[in-house]
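Summary of structural features
The lines below spell out each chain.
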Amino acid sequence: MQKVAVIGAGLSGMATVKELVEKGHDVVCFEKGHDIGGVFSVGGSYDSVYLTVSNYFMAYSDFMPYEESIRFWSRSEYKQYLDRYAEHFDLRKHIKFGYSLKSMNPNEAGGWDVTVTHEDGSKMTVSVERVAVCSGQFQKANIPDVKGLDTFPGTVYHSSTYKNIQEWSELHGKRVLAFGMGESAADVITEVASVASRSVLSLRRYHVFAKRQAEYPIDVYQTRHWHTLPASLKAASVRKLWKRILDETEGDTDNRATHLMAQHMLKASDEPGSVVTKTERIFDAQAHHGLEVNIGGVSHIDGSTVTFNSGEQEEFDAIVFCTGFKFDLPFLPTEYRFSNIRDCYLQMFHPKIGESVAFIGFVRPHQGGIPLMAELQARYYALVCAGERQLPQDLAAKATKDAEFWRKEFYETPNVFGLVNGLRYNEKLADLIGCRPPVPNFFLRPKRFFHYWFNHIWPSQYRLVGPGAREEARQQHLNAPSAMEFSTQVKTLQGTLKMKAKNLLPEPNRVVDKWRPVLPK
């Protein structure tokens, strides 16, 4: 048994506490807020948050929402799910609220002295053998270095302070320039555009988007088969789909936002090699609120006048940065600090520190949810702490090799912080844990074979075998709602491949309407 300090009680921290406790470790978690959930706690993010990943992909592997249909949760719904998770596994008793991490320093025993500050000003230092840093990257707002920004006389905002458009009343009727294009950026910019007299979004390039308001969440189509297809084939399929949508929505005023999205996507880089923004809200803002998207970036600012790289100039009253956060580890000793999570083996263990500290939840999936990735990291770390798994000796070489692999995988956006292919990363961890589901035999279990390759890849698959397996997962896995159901007469491999090759996504009439799970009697 090891004494472990967990920093943060968000999505990653809760999973880490739970996995470490289940493995018999002595765990104390420090959370600076007054509740669990991190950015999903009350006041942790803006009011209109809706998840861009479906409820089944945002669930933990041993706490699946089997009673629900596939849909997107609101922030409040997801917080309710997290509260149920914390109650089910009795996690709150391990968490000390109102404590911020001040510093952590190696001690003579080979562990760490962790100093935390309470909100009342008092300090406390605890000595532990291991530390799991689960505080996430949403700590320090990133303001890009735009030439002449210091001369701008108007108000400068960062989306980290945004709660709702009513609180940003100064922007009503103003000329607003916005930067950034993630999911939260799309939400914030759309809401700003709805009240501004003039709004312009500056992008350096065309971004890749996926529709959140589709009939079925796009992540249900993230099958193993799809991930095995060559990037060129997937890119061609995506472009074919958007070209068809562009043609079908030409002149259709009711679907102008979709038409604008298709135009943008056909100019963007291909999806497999790029980060994806999983919401289409900015195209609604273009269609209904007059948002203008300027591609190419900003050259410089001189007072109220902004000069774009295209040569265009325009005056603005306010600037909104939706440009994310900086990776910051000020609590580490100077000699242990680093700036890129890809410097770490599995984006978890830094070569200079080794196994005594794990950075959990900093990795970012191209498609899929962070909870599963953080949970798998936590399961692996719990085994490492117990001495049941060993880290490789050449951490630095392996970290360098992994970093180069992910840069090549996402060749259009190689430097996006922590970006990985969710399935490939998860299955690498699952191999290390020993919980990766085996490939079913086609001749002995044809239905399970097709299910493995062509149906959903929900988190529950990593509870079927190995350490931490759950009987509920075995009972429910095949019955969970999925993109395609296979009848009692199993379809042939040839027919399934033909359907997949013909279209990026099945037509609506090819998708089974029965989305609610069939619970075992």
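Bear in mind the structure is a predicted one, so any value in this text is a computation, not a measurement.

The next thing to look at is the overall build of the protein chain. Assigned secondary structure in the protein chain consists of 13 helices and 22 strands. For the protein chain, the C-alpha radius of gyration of 24 Å lies close to 24 Å, the compact-globule estimate for 521 residues. Considering only intrachain contacts with a sequence separation of at least 6, the fraction spanning at least 24 residues in the protein chain is 70%. Split by element, the accessible area of the protein chain, about 22,700 Å² in all, is 49% carbon and sulfur. If the 62 positive side-chain charges of the protein chain are averaged to one point and the 60 negative ones to another, these points end up 6 Å apart.

With antiparallel pairing, 3 strands are arranged side by side in an open sheet as 15-16-17. Every interior strand has two partners, whereas the edge strands, strand 15 (298-302) and strand 17 (313-315), have only one. The average angle at which neighbouring strand axes cross in this sheet is 20 degrees, direction not considered. Bridging between strand 16 (residues 305-308) and strand 17 involves 3 bridges; their strand directions are antiparallel. Within strand 17, the position partnered with Thr307 by the bridge is Gln313.

Here Ser460 lies in the loop between helix 11 (446-454) and helix 12 (471-476). Setting aside its immediate chain neighbours within four residues, Ser460 contacts Ser61, Met64, Tyr66, Ala473 and His477.

The next thing to look at is helix 5 (residues 231-248). With 18 residues, helix 5 should cover 26 Å at 1.5 Å per step; its first-to-last C-alpha distance of 26 Å lies within 8% of that length. Restricting attention to buried positions, one finds in helix 5 the residues Lys234, Ala235, Ser237, Val238, Leu241, Trp242, Ile245 and Leu246. Of the surrounding elements, those touching the buried residues of helix 5 are strand 12 (208-209), helix 4 (224-228) and helix 6 (256-267).

Bringing the packing of aromatic side chains into the picture now. Each aromatic ring pair is summarised here by two numbers: the centre-to-centre distance and the angle between the ring planes. Enumeration over the complete set of coordinates arrives at 34 aromatic pairs. Aromatic pair Phe209 and Phe283: ring centres 4.9 Å apart, planes at 75 degrees, arrangement edge-to-face. Of this pair, Phe209 sits in strand 12 while Phe283 sits in helix 7 (residues 281-289), and the two are 74 residues apart along the sequence. Note on Phe209: relative accessible area 3%, which makes it buried. On the accessibility criterion, Phe283 (1% relative accessible area) is buried. Residues Phe442 and Phe443 carry aromatic rings whose centres are separated by 5.2 Å and whose planes lie at 75 degrees to one another, so their mutual orientation is edge-to-face. Look at Phe442 and you get partly exposed, because its relative accessible area is 33%. Feature note: the residues Phe40, Tyr60, Phe63, Trp73, Tyr78, Tyr81, Tyr85 and Phe89 constitute an aromatic cluster, connected by ring pairs. A cation over a ring is seen here: Lys18 above Phe89, with NZ or CZ 4.7 Å from the ring centre. Directly above the aromatic system of Tyr452 lies the positively charged group of Arg224, at a separation of 3.9 Å from the ring centroid.

One open sheet holds the 3 strands; their spatial order is 4-5-6, and the pairing between them is antiparallel. Strand pairing shows two members of the sheet lacking a second neighbour, strand 4 (99-106) and strand 6 (123-128), which therefore form its edges. Averaged over all pairs of adjacent strands, the angle between strand axes in this sheet comes to 25 degrees, irrespective of strand direction. With 6 bridges joining them, strand 5 (residues 112-118) and strand 6 adopt antiparallel strand pairing. Looking at the pairing, Thr115 lines up with Thr125 of strand 6.

Each value, and the rule that gives it
Residues numbered from 1 in each chain as written. Predicted model: local features only at pLDDT ≥ 70, side-chain atom pairs only at ≥ 80, totals over all residues. Heavy atoms only, no water. Helix = DSSP H or I, 4+ residues; strand = E, 2+ residues; numbered from the N terminus. Rg over C-alpha atoms; globule rule 2.2 N^0.38 Å. Contact = heavy atoms within 4.5 Å. Areas by Shrake-Rupley, 256 points an atom, 1.4 Å probe, with all protein chains shown as cover. Lys, Arg positive; Asp, Glu negative; His and termini not counted. Charge placed at Lys NZ, Arg CZ, Asp CG, Glu CD. Pairing = 2+ DSSP bridges. Axes fitted to C-alpha atoms, helices over the stretch in contact; angles between N-to-C directions. Expected span 1.5 Å × (residues − 1). Buried < 20%, exposed > 50% of the residue type's maximum accessible area, 1.4 Å probe, protein only. Phe/Tyr/Trp six-rings, centres within 6.5 Å; stacked < 30°, edge-to-face > 60°. Lys NZ or Arg CZ within 6 Å of the ring centre and 35° of its normal.

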